Amino acid sequence: MVESHIQAAIYCSKTFVLQLRVRSGGHDYEGLSFVADSPFLMLDMTHFRQIDVNIEENSAWFQAGAILGELYYKIAEKSKIHGFSAGLCPTIGVGGHFSGGGFGPMVRKYGGRILTRASMGENLFWAIRGGGGASFGVIIAYKINLVPVPPTVSVFSVSKTLEQGASKVLYRYQEVVDKFHEDLFIRVSILPTTNQSGNKTILVAFNSLFLGSAKDHLSLIQTNFLELGVQSKDCKEMSWIQSVLFFAGYTNGESIDTLLDRTPQFKGYFKAKSDFVQAPIPESGLEGLWKILLEGDTSLMFFLPFGGKMNEIPESAIPFPHRKGNIYNIQYVARWTEQENPQAEKHIAWIRNLYDYMAPYVSKNPRASYLNYRDLDLGQNGNTKRSYSQALVWGFKYFKNNFFQLVHLKTMVDPSNFFRNEQSIPPFKMEV
Ligand code: FDA
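Note that the coordinates shown come from a computational prediction; the quantities given were computed from them, not determined experimentally.

**What about the site of the ligand?**
Near the ligand, the surroundings consist of 30 residues, among which Val22, Ser24, Ser33, Phe103 and Tyr370 are the closest. Between an oxygen atom of the ligand and a main-chain N or O atom of Gly25, the distance comes to 2.9 Å. At a separation of 3.0 Å, an oxygen atom of the ligand approaches a polar backbone atom of His27. Looking at the shell around the ligand, the element that brings in the most residues is helix H3 (residues 94–99), giving 3 residues. The residue inventory of the shell around the ligand, partitioned by class, reads 12 nonpolar, 15 polar and 3 charged. Viewed by domain, the shell around the ligand spans two of them, domain 1 (3–148 + 376–413) and domain 2 (152–238 + 266–375), each represented by three or more residues.

Right under this line is the structure:
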């Protein structure tokens, strides 16, 4: 596959009045890269996956169809002291991930950087780093700056159930996690489980990465977050690339070649939503949350901390605006199997109820959301002149004031709205 095939696909879909859907890794939460309710042509970028790492220049070019695992692998193949700050799941496609923002275990230290591309102009280049590439065209490749990582990093995973005081520890987590040194990252996963007495309970797992030694890792935790009860035996030293596997859930000594496998780890159905938290949720709020989570059979939540460099990057630096003032991002997930799919509505109703419950505890005006955790419940474009006002509803949640700049750019580069989906940026039209 060569670049001219992409041009031909665009030409062909214009000629036959078909929508164009671009798929890189296919991880869109609502399947917008491969599902549409009108006839469409799917441009599959899988074979556009070349990666060239240039250690002397501290950079890498990679094509949009590469997955994050391939990108991390190719960097580590060339150097043990270079890395890149992006998502945790190795099978995510870089095409969608980068164009929607993209954060992972080094977000507190590096925030995320991509090099400029003079030929398309600064404005459009701004838009495709967080504004969703699908609204503006087809991204063929990105050039990124590598970031320094130490030859040895340290990780731990420590869990608490409700009986072991999870609520108090999680409350303390919220007080400290965005204030830690930027080399320290602790992500929380929350899921229902069964305790030793056979009763249902909640398990809160704390997974940590420190860009330094186990000794310094432990010392930071014991100074600032003693309540977690981490001991020296919990902290394990490894290379940065092995920590990528650790955060992807591979903890049994799997080879780093696992990162090259494009098969998604999770096969099944899910519906996800997201929030940003700006003040600690009180323990009484957490108690109510546990009740709802215990009702949802296969629910899952993640807290991903901000602070550090994220506090220094202005909201308008790229379209992704969720910076200073956010302690952490929440992702809610309801999962179900093929057999349970006839009851999909039950699971979707459950997660909507959970989202309603959380309203008092999360960001307001707007209640912000993360584009890469796409949620069509926030609103969808119509095919009418009302699209702009419809898009304002969800667009302001994803992009805050950057939405207006995205609309302005869209109006200039794609006034006929050729590149569109249910949540693409609409061109501005006077509404009568
Ligand atoms: P996909 O191919 O489905 O594309 C997503 C969107 O981007 C679609 O609108 C598509 O049309 C558009 N697009 C794709 N390629 C394009 C191109 N070349 N040019 C123009 N438009 C293009 N996020 C995160 O920040 N941190 C994380 O740790 C994780 N973890 C995670 C785990 C799992 C299991 C999943 C399923 C998802 C995540 N995500 C995430 C979310 C992820 O970043 C998000 O779903 C990305 O959009 C996925 O990009 P893909 O290319 O895989 O998706």
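**Remarks on the sheet that holds strand S3 (residues 51–54)**
Strand pairing in a sheet relies on backbone hydrogen bonds. The paired strands run either parallel or antiparallel. Read across the open sheet, the 3 strands follow the order S3-S4-S6; overall the sheet is antiparallel. Two strands in the sheet have a free side with no partner beyond their single neighbour: S3 and strand S6 (141–145). Looking at each pair of strands side by side, their axes are set apart by 10 degrees on average, direction ignored. Alignment of strand S4 (residues 59–63) against S6, held across 5 bridges, turns out to be antiparallel. Counterpart to Phe62 in the pairing with S6 is Tyr142. The strands touched by helix H2 (residues 68–78) within the sheet are S3, S4 and S6, with S3 carrying the most contacts at an inclination of about 35 degrees.

**Observations concerning H2**
Residues spaced three or four apart along an α-helix face the same direction, because each turn holds 3.6 residues. Of all the 11 residues making up H2, 8 are buried; the element is thus mostly covered by neighbouring parts of the structure. All of the buried residues in H2 are Leu68, Gly69, Glu70, Leu71, Tyr72, Tyr73, Ile75 and Ala76. Buried residues belonging to H2 abut S3, S4, strand S5 (82–83), H3, S6 and helix H8 (240–247).

**Remarks on the side chain of Asn381**
With respect to the helices and strands, Asn381 occurs in the loop between helix H10 (344–358) and helix H11 (387–399). A residue is classified by how much of its surface remains accessible, and Asn381, at 16% relative accessible area, is buried. Here Asn421 takes part through its backbone oxygen, which lies 3.2 Å from a polar atom of the side chain of Asn381. Here Ser424 takes part through its backbone oxygen, which lies 2.8 Å from a polar atom of the side chain of Asn381.

**Focus: the sheet that holds strand S11 (residues 236–238)**
Reading across from one edge, S11-S8-S10-S9-S13-S14-S12 is the order of the 7 strands in this open sheet, with antiparallel pairing throughout. Only two strands of the sheet have a single partner each, and these edge strands are S11 and strand S12 (269–277). Strand-to-strand, the axes of this sheet are offset by a mean angle of 20 degrees, without reference to chain direction. The pairing of strand S13 (residues 299–305) with strand S14 (residues 328–336) spans 7 bridges and is classified as antiparallel. Each residue of the ladder has a partner; that of Leu304, found in S14, is Asn329.

Conventions and cut-offs
- Residues numbered from 1 in each chain as written.
- Predicted model: local features only at pLDDT ≥ 70, side-chain atom pairs only at ≥ 80, totals over all residues.
- Heavy atoms only, no water.
- Near = heavy atom within 4 Å.
- Polar contact = N/O pair within 3.5 Å; in protein donor to acceptor, adjacent residues only side chain to side chain.
- Helix = DSSP H or I, 4+ residues; strand = E, 2+ residues; numbered from the N terminus.
- Nonpolar A, V, L, I, M, F, W, Y, C, P; charged D, E, K, R; others polar.
- Domains from an automatic or database assignment.
- Pairing = 2+ DSSP bridges.
- Axes fitted to C-alpha atoms, helices over the stretch in contact; angles between N-to-C directions.
- Contact = heavy atoms within 4.5 Å.
- Buried < 20%, exposed > 50% of the residue type's maximum accessible area, 1.4 Å probe, protein only.

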